[in-house]
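# Results of the structural survey
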Amino acid sequence: MNKQELTDRLNAVGMRPGRGLGQNFLLDGNLLEWIVRKAAPRKDEEILEVGPGFGALTERLVASGARITAIEYDHRLADELRRRFAGTANFRLVEADACKVNFGGHYPEGSDFRCVANLPYSISSVFIADMVKLPSPPSYMLFMLQKEMGERLAAPPSCKAYGALTVVTRSIYDVTIEKIVPPEVFFPRPEVDSALVSFKRHGRFALSDSDRKHLSTVVRLLFNQRRKQMGKVLRGVFPADKVDRALDELAVSREERPDKLPVETLIELSSLLYREEKN
Ligand code: SAM
């Protein structure tokens, strides 16, 4: 779809792209093809797409024969998608705010699905946090994100961008910035660069549901006060002797800052802090 075709479609449904909904439509056909090649959708597999817009990416995903569930919040676009994909057996539209969807109901434990989207930037952190909380998170995700968000999720320890969402996400996924994408490929142009970022589930830590909840609680606590010494922060919530023993066992100083610690150490720390004491 070129800019003229997109403008015609916008006029036909009587809408102007909204900033609040991150309505920056992807115009570059080569990039759309690149995304689909990278994701390599397979016939009959389940793929979730958030924010299908006019369906530029959706039509390519549908053509692969994968079963596409698309979530669109804007009712004018939802109407357009219903019309466009009417009678397409492998397409299902959910007209909803993706931040309010009960994904655990759609994808219960044991579900096998992947996720591909040009995400509206305003919901990307909430949506990714929702995905990593699922009992069976997607085995793979490929997202267009604001470049800073991609850098945050791929950041190494000791980097300013390394935070709680980084740790929780990387406890499940290897995160790779695949491509930096300039504003020119969108209409309207966003004010920032974007990045195509892949998330491959690695299975290195075999964390249970409760392990993941505990990790999330511990890293949010620590990174909310990231400039403070870890010993002090943790002792505000956990018994002091337990904190000291856990830090000693990991050979981490009480004065250490959380952003210095790699993901695996933070996972071990959380597991030690929540370990039942045996008498
Ligand atoms: N996929 C299209 C493309 O690549 O051209 C559109 C992508 S555009 C960046 C984001 C899309 O997400 C828009 O269609 C917008 O209406 C939709 N959207 C915004 N907020 C949403 C939300 N909370 N839930 C579901 N869709 C949302």
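Residues numbered from 1 in each chain as written. Predicted model: local features only at pLDDT ≥ 70, side-chain atom pairs only at ≥ 80, totals over all residues. Heavy atoms only, no water.

### Quick look at the environment of C99
- Among the structural elements, C99 can be located in the loop between β4 (91–95) and α5 (103–106).
- Take C99: its relative accessible area is 27%, and that puts it in the partly exposed class.
- Sequence separation between C99 and L134 is 35 residues, and the spatial gap between their C-alpha atoms is 14 Å.
- Residue contacts for C99: discarding those within four places in its chain leaves I123, V126 and D130. (Helix = DSSP H or I, 4+ residues; strand = E, 2+ residues; numbered from the N terminus. Buried < 20%, exposed > 50% of the residue type's maximum accessible area, 1.4 Å probe, protein only. Contact = heavy atoms within 4.5 Å.)

### Section: the site of the ligand
- Around the ligand lies a shell of 21 residues, among which L26, G51, E72, D97 and N118 are the nearest.
- Between the ligand and the protein, one listed contact pairs a nitrogen atom with a backbone N or O atom of Y73 at 3.4 Å.
- N118 places a polar side-chain atom, nitrogen or oxygen, 2.8 Å from an oxygen atom of the ligand.
- Within the residue set of the shell around the ligand, elements represented by two or more residues are β1 (25–26) and β3 (67–72). (Near = heavy atom within 4 Å. Polar contact = N/O pair within 3.5 Å; in protein donor to acceptor, adjacent residues only side chain to side chain.)

### Section: the domain arrangement of the protein
- For the protein, the domain assignment lists domain 1 (3–201) and domain 2 (209–274).
- The C-alpha centroid of domain 2 is placed 33 Å from the C-alpha centroid of domain 1.
- Contacts between domain 1 and domain 2 engage 17 residues on the former and 16 residues on the latter.
- A buried area of about 1200 Å², summed over both sides, lies between domain 1 and domain 2, and 62% of it is on carbon and sulfur atoms.
- On the domain 1 side of the contact with domain 2, Y162, A164 and V167 bury the most area, a combined 38% of that side's loss. (Domains from an automatic or database assignment. Buried area = accessible area lost by both parts, 1.4 Å probe.)

### A short note on the sheet that holds strand β7 (residues 173–181)
- Overall, mixed pairing links the seven strands, which are arranged β4-β3-β2-β5-β6-β9-β7 in an open sheet. The sheet is open, and its two borders are formed by β4 and β7, each paired with just one other strand. Averaged over all adjacent pairs, the angle separating strand axes in this sheet is 20°, with direction ignored.
- Examined bridge by bridge, β7 and strand β9 (residues 194–201) share eight bridges and lie antiparallel to one another. Within β9, the residue paired with I177 across the bridge is V197.
- Contacts from helix α2 (residues 29–39) reach β5 (113–118), β6 (140–146), β7 and β9, with the element oriented near 150° to β6.
- Those strands touched by helix α7 (residues 147–154) are β6, β7 and β9, and its axis lies near 130° from that of β6. (Pairing = 2+ DSSP bridges. Axes fitted to C-alpha atoms, helices over the stretch in contact; angles between N-to-C directions.)

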